[in-house]
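The lines below spell out each chain.
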Amino acid sequence: MRVVIATCSVDYEGRLNAHLPLATRLLIVKADGSVLIHSDGGSYKPLNWMAPPCAMAEVEPDETESAEGVVAVWNVQHAKTEDHLRVRLHEIHHDSSHELGVDPGLVKDGVEAHLQKLLAEHIGTLGAGYTLVRREYMTAIGPVDILAKDAKGVCVAVEIKRRGEIDGVEQLTRYLELMNRDPALRPVTGVFAAQVIKPQARTLAEDRGIRCVTLDYDELKGIDTSMHRLF
């Protein structure tokens, strides 16, 4: 990765035309060929950029640009379109390159797979007397996150989401319709479990006889959060 802080102007030509007037900015050139231009405020998004596949060439300024104080020019051309980025550097304040190596990627805590595993380990969260039948119970249209039995021995299909929305309720509804055709399983009730459940999803679920359960991820992990509470 190359990191440059420079006083520059930028022109983008292609599907749209855009101009950044002269100012000091952060320029990033990544190993994949992408070029990003950032300011010191606004947001995390770059002011302008060229995504790969593209190629960058650093060239000498023409006579007009030299007369205006330009010391170097970056020409960035997209490989599949006519999009073109031209960065005119007037003064370079910092220029360094760094080998970052292969990034392992983002590991998210609290994703649906983690919630499923924790809820299976603490199935009593759903109610007294609940027992786990299995995780990823396969049906003809896909796996149900958890199949459990309540205190009366009735089968319960559990759909788990980080954020519970209407499409999750619809998904669980399809599972329930299919599973209730199986005489070895029926009757099968449903539980829609999520860290946050949107009001529209809760209304739809309850209208269809599906119980909603809000999951506390820290509680499932066994973390005592009392030290972070005032009362």
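Residues numbered from 1 in each chain as written. Predicted model: local features only at pLDDT ≥ 70, side-chain atom pairs only at ≥ 80, totals over all residues. Heavy atoms only, no water.

A. Summary view of unusual backbone geometry. Cis geometry marks the peptide bond from Pro52 to Pro53; its omega dihedral reads 5°. When you line up the elements, Pro53 lands in the loop between strand 4 (48–50) and strand 5 (54–59). Cis geometry is found at the peptide bond from Arg186 to Pro187, where omega equals 5°. Following the sequence through the fold, Pro187 ends up in the loop between helix 3 (166–179) and strand 11 (188–197). Its identity as a non-glycine residue notwithstanding, Glu136 has a phi of 50°, on the positive side. In this fold, Glu136 is placed in strand 8 (residues 131–139). (Helix = DSSP H or I, 4+ residues; strand = E, 2+ residues; numbered from the N terminus.)

B. Expanded view of the packing of helix 3 against helix 4 (residues 199–207). Contact geometry for helix 3 and helix 4: axes closest at 8 Å, N-to-C directions at 25°. Classified by the angle their axes make, helix 3 and helix 4 are roughly parallel. For the crossing formed where helix 3 meets helix 4, the hand is right-handed. Residues Ile166, Val169 and Glu170 of helix 3 touch helix 4, and the partners they reach there are Gln200, Ala201, Leu204 and Ala205. Grouping the amino acids of the contact of helix 3 with helix 4 by side-chain chemistry returns five nonpolar, one polar and one charged. (Axes fitted to C-alpha atoms, helices over the stretch in contact; angles between N-to-C directions. Parallel < 35°, antiparallel > 145°, perpendicular 65-115°, else oblique. Left-handed = near helix turned anticlockwise from the far one by under 90°. Contact = heavy atoms within 4.5 Å. Nonpolar A, V, L, I, M, F, W, Y, C, P; charged D, E, K, R; others polar.)

C. Looking closely at the UniProt feature "domain: Endonuclease NucS N-terminal PH-like" (unreviewed entry) in the protein. In the numbering used here, UniProt assigns the feature "domain: Endonuclease NucS N-terminal PH-like" (unreviewed entry) to residues 2–104. Split by type, residues 2–104 is 5% helix and 56% strand. Its first and last C-alpha atoms lie 20 Å apart. (UniProt positions renumbered as here; feature names shortened; annotations may be inferred.)

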